[in-house]
Protein chains: 2
Amino acid sequence: MKMRENKNEDSRREPLRDANGLTEEEFLAGYDAGDYERPSIATDMVIFTVAGEKEENYRKLPKQTLRVLLIRRAGHPYLGRWALPGGFVRPNETADQAAARELFEETGVDRVYLEQLHTFSDVGRDPRTWVVSCSYMALIDSRGLQVQAGDDADRAAWFELSYRMNSESRERLDEGGMLHVRRYELKLTAESPEADSNDFYADSAKNAAGKLELTATVEHRITRTSRASIEEYVVADRGDLAFDHAKIIGMAIERLRGRVEENDLALHLMPELFTLTELQQAYEAILDRELLKAAFRRKAEPLVEKTDQYTENAGHRPSRLYRRSREDWGDYR
Amino acid sequence: MKMRENKNEDSRREPLRDANGLTEEEFLAGYDAGDYERPSIATDMVIFTVAGEKEENYRKLPKQTLRVLLIRRAGHPYLGRWALPGGFVRPNETADQAAARELFEETGVDRVYLEQLHTFSDVGRDPRTWVVSCSYMALIDSRGLQVQAGDDADRAAWFELSYRMNSESRERLDEGGMLHVRRYELKLTAESPEADSNDFYADSAKNAAGKLELTATVEHRITRTSRASIEEYVVADRGDLAFDHAKIIGMAIERLRGRVEENDLALHLMPELFTLTELQQAYEAILDRELLKAAFRRKAEPLVEKTDQYTENAGHRPSRLYRRSREDWGDYR
DNA sequence: AGAATAGTGTCTGTAAGACAATATGTA
DNA sequence: TACATATTGTCTTACAGACACTATTCT
């Protein structure tokens, strides 16, 4: 069996020399990164959770909604607008590590589900300088969690999320291709806290119920010609969201919806013990549609593990509690 | 109806001032990017195609195989090793544009299927300096295509690709979690051209048939604890591939396999007109397993459009030619 | 004629959709 | 006891897997 060194050199006797006659060692010793312009690289975190509101009727279960964590910017640019938490990647860490670090600073949780989403590099997306953003999606159980505003923010809050297609159009192009545009309304709603004395940036938008409400419009455009297929997201109206973050959130929720039915992703939104109804509500909150109970339980069955515990004092029949399956972890991914 | 300006300012009378009393305009005018260390950002392209080899028997159809384009590095680091084509993103373009540009420079094709894969940022992945790589997957029809080595390469070649799971292990961790490791062998094979006079770097590996053969090992590691689920790819043995490109190729082929059955991705590997058998062979090359003819044709039917043309002189019954469907573009994505 | 592929028909098993029926703790 | 949810049963439909059969051109 042939062994191979997993290092950046090999076992040849003579070291390889390049066109200038340098060995790799000599080349690296003399390497100058030069002064080409370089971007900053940042991470933006789309942190999802599900949470239920208080229910007036003691018998009824609270309705679970999908939520995303936003911070309000305390400095320019987009001062006073709401943004995804995030920060710059440091030279001695990976983007994954930076994302995990940001997540921990903001929420105090680590070791949760974290997935790289997409890297955004639109020219001018940050008015300060060239910033490329590597975005991540995190799924967490937010029960008993206190969020923190970082140093670039004066507030952090969970926003209930609604992302619905407004309109859809298919248009035939001259060259025989087709342009397919799906227009989504992204609506983010949060409880508006009492204005405290430091709160010198007025909240930009409150709805009739006194809730803070942000609305943005994102277009998902697919151009198809005989050979190509180009997909792009465009912020048609960023509303009171900073940067291109409406687009990042839109992409995140589409990704989440696309994936959640084919693996056990949604289980990361659950606490240690949960009922199947809670799990189903999480799916429904993500997909924004109702699922059939019997079919859902059939599909969830291999992903979860029975416990002998039950809910109590619910005003109706108790429900068995489950946990994530540790045995039969089937065909995730 | 409320109108909103889609610009980076809003309609308030007084411009917002930050903690230093600056308006956004003043802030940006005085903004200094500072001298924090910044990375270079590069794109790496995994360019896939399918192509058939000559068949000895005039009756038999040529077997189609999945191929990927590699270049041989003409400079340090990894001098003489094979690498994915790619290059640096320039300040006034997006990573998408840089990827399209690189693809065009290398192959002369544009307007093809191009999808962002993943951004790699491992510390030390490039021995020269801090380089973050934003990788892309392209699917092209390579018939009648001549590939070009860029200025950082002395050769470019299509490599037949095999990516097979070698071993799989599930291991229970102390904390109650589980580590799931899938080990893949990535084998890349190309016809070895006659060594020309400029070819002063010996080809590192030729197999018995005189073909150029590169072998690498990639591990796909999934760590699952009660709350977390961390997925990572590790190059266990990079063989004669440069940088972390074995991992990028592995991720690309896994992505391709995962997606190809749920949409019309594979059609981008086909020429304008193709037979259903050719299309099926492309699927089989990607998935590395045989498909049933009848079932395949049922599934392909909504993705393609009949033409009145047929293959000729095939040594057997002619086959109807199809093109990508332009009408009923179903539920791609 | 025979080789090899093209194209279609149909049986079967599995899983999802739909809906109904039964079970049970709490106010 | 009634309410609201918990849990299970089963009929129907859709579709993928499997395999067999027929059709057609070229040498």
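Residues numbered from 1 in each chain as written. Chains lettered and ligands numbered in written order. Predicted model: local features only at pLDDT ≥ 70, side-chain atom pairs only at ≥ 80, totals over all residues.

**A few points about the protein's contact with DNA strand C**
Inclusion rule: Nearness here has a simple definition: the residue's C-beta atom, placed using the backbone, must lie within 6 Å of the molecule or strand. Strands here mean DSSP runs of E at least two residues long; helices mean DSSP runs of H or I at least four residues long; both are numbered from the N terminus. For this classification, the nonpolar set comprises Ala, Val, Leu, Ile, Met, Phe, Trp, Tyr, Cys and Pro, the charged set comprises Asp, Glu, Lys and Arg, and every other residue, Gly included, is treated as polar.
Lining the immediate environment of DNA strand C, one finds 27 residues, of which A:Ala294, A:Arg317, B:Arg59, B:Ala294 and B:Arg320 sit closest. Those elements that place two or more of their residues in the surface near DNA strand C are α5 (293-300) of chain A together with α4 (276-287) and α5 (293-300) of chain B. Per element, the largest residue contribution to the surface near DNA strand C is four residues, and it comes from α5(A). Considering only residue class, the surface near DNA strand C consists of nine nonpolar, eight polar and ten charged.

**Observations concerning helix α2 (residues 95-107) of chain A**
Convention followed: In this scheme, a helix's expected span is set at 1.5 Å multiplied by one less than its residue total. We call a residue exposed when 12 or fewer other C-beta atoms sit within 10 Å of its C-beta, buried when the count reaches 20 or more, and partly exposed for counts in between; the C-beta positions come from the backbone.
The terminal C-alpha atoms of α2(A), which comprises 13 residues, lie 18 Å apart, in line with the 18 Å expected from a rise of 1.5 Å per residue. Taken as a whole, α2(A) has its buried residues at A:Ala95, A:Asp96, A:Ala98, A:Ala99, A:Ala100, A:Glu102, A:Leu103, A:Glu106 and A:Thr107.

**Section: the relation of the copies chain A and chain B**
So the rule is basically this: In superposing the copies, a least-squares fit is computed on C-alpha atoms, taking residues whose pLDDT is at least 70 in both. Placing a C-beta atom from the backbone of each residue, one calls two residues in contact when those atoms lie within 7 Å.
Here chain A sits on chain B after a turn of 180 degrees about the axis and a move of 0.0 Å along it, with an RMSD of 0.0 Å. What the superposition gives is, in effect, a two-fold axis relating one chain to the other. In this assembly, 100% of the residues forming the interface of chain A have copies in chain B that are likewise at the interface, indicating an isologous arrangement.

**Notes on the interface of chain A and chain B**
In this assembly, 56 residues from chain A lie in contact with 56 residues from chain B. Listed by contribution, the elements that provide at least two residues to the side of chain A that touches chain B are α1 (24-29), β1 (40-52), β5 (113-120), β6 (131-139) and β10 (229-237) of chain A. A total of four residues in the side of chain A that touches chain B trace back to one element, the largest contributor, which is β5(A). In the side of chain A that touches chain B, the residues fall into 23 nonpolar, 18 polar and 15 charged.

**Notes on the domain arrangement of chain A**
Residue and element names in this part refer to chain A. The following threshold applies: Marked domain ranges trace back to an automatic or database domain assignment.
Segmenting chain A into domains produces domain 1 (40-193 + 204-260) and domain 2 (265-324). Taken together, the contact between domain 1 and domain 2 spans 19 residues of the former and 17 residues of the latter. Of all elements in the fold, only β1, β2 (64-73) and α3 (245-260) reach the threshold of two or more residues within the side of domain 1 that touches domain 2. Per element, the largest residue contribution to the side of domain 1 that touches domain 2 is four residues, and it comes from α3. Here the residues of the side of domain 1 that touches domain 2 are counted per class, giving ten nonpolar, three polar and six charged.

**Quick word on the packing of helix α3 (residues 245-260) of chain B against α4(B)**
All names here are of chain B. As a reminder, the rule being used: Axis lines are fitted to C-alpha atoms, over the contacting stretch for helices. Their N-to-C directions set the angle, which ranges from 0 to 180 degrees. Roughly parallel means an angle under 35 degrees; roughly antiparallel, over 145; roughly perpendicular, 65 to 115; everything else is oblique. Should the near helix be turned anticlockwise from the far one by less than a right angle, the crossing is termed left-handed; should it be turned clockwise, right-handed.
Two elements in contact, α3 and α4, have axes separated by 9 Å at closest approach and are oriented at 135 degrees. Put simply, α3 runs oblique to α4. You can see that α3 and α4 cross each other, and the crossing is left-handed. Here Leu 256, Arg 257 and Val 260 of α3 come into contact with α4, specifically with Tyr 283, Ile 286 and Leu 287. For the contact of α3 with α4, the class distribution of residues is five nonpolar, no polar and one charged.

**Observations regarding the protein's contact with DNA strand D**
As a matter of local geometry, DNA strand D sits amid 28 residues, with A:Arg59, A:Ala294, A:His316, A:Arg320 and B:Arg317 nearest to it. If you list the elements that add at least two residues to the surface near DNA strand D, you get α4 (276-287) and α5 of chain A together with α5 of chain B. For the surface near DNA strand D, the leading source of residues is α5(B), giving five residues.

**Things to note about the nonpolar core**
Filter applied, for reference: To form a nonpolar core, buried Ala, Val, Leu, Ile, Met, Phe, Trp, Tyr and Cys residues must be joined through C-beta atoms within 7 Å.
In this structure, A:Val46, A:Ala138, B:Val46 and B:Ala138 are the most contacted members of the largest nonpolar core, which totals 134 residues. Beyond its immediate sequence surroundings of up to four residues, A:Val46 is in contact with A:Val68, A:Leu84, A:Leu117, A:Ser135, A:Tyr136, A:Met137, A:Ile248, A:Ile249 and A:Ala252.

**Some words on the environment of A:Ala314**
All names here are of chain A. Positionally, Ala 314 belongs in the loop between β11 (304-310) and β12 (320-324). Classification of Ala 314 by C-beta neighbours within 10 Å gives partly exposed; the count is 14. Considering only alpha carbons, one finds Ala 314 and Lys 247, 67 residues apart in sequence, at a separation of 40 Å.

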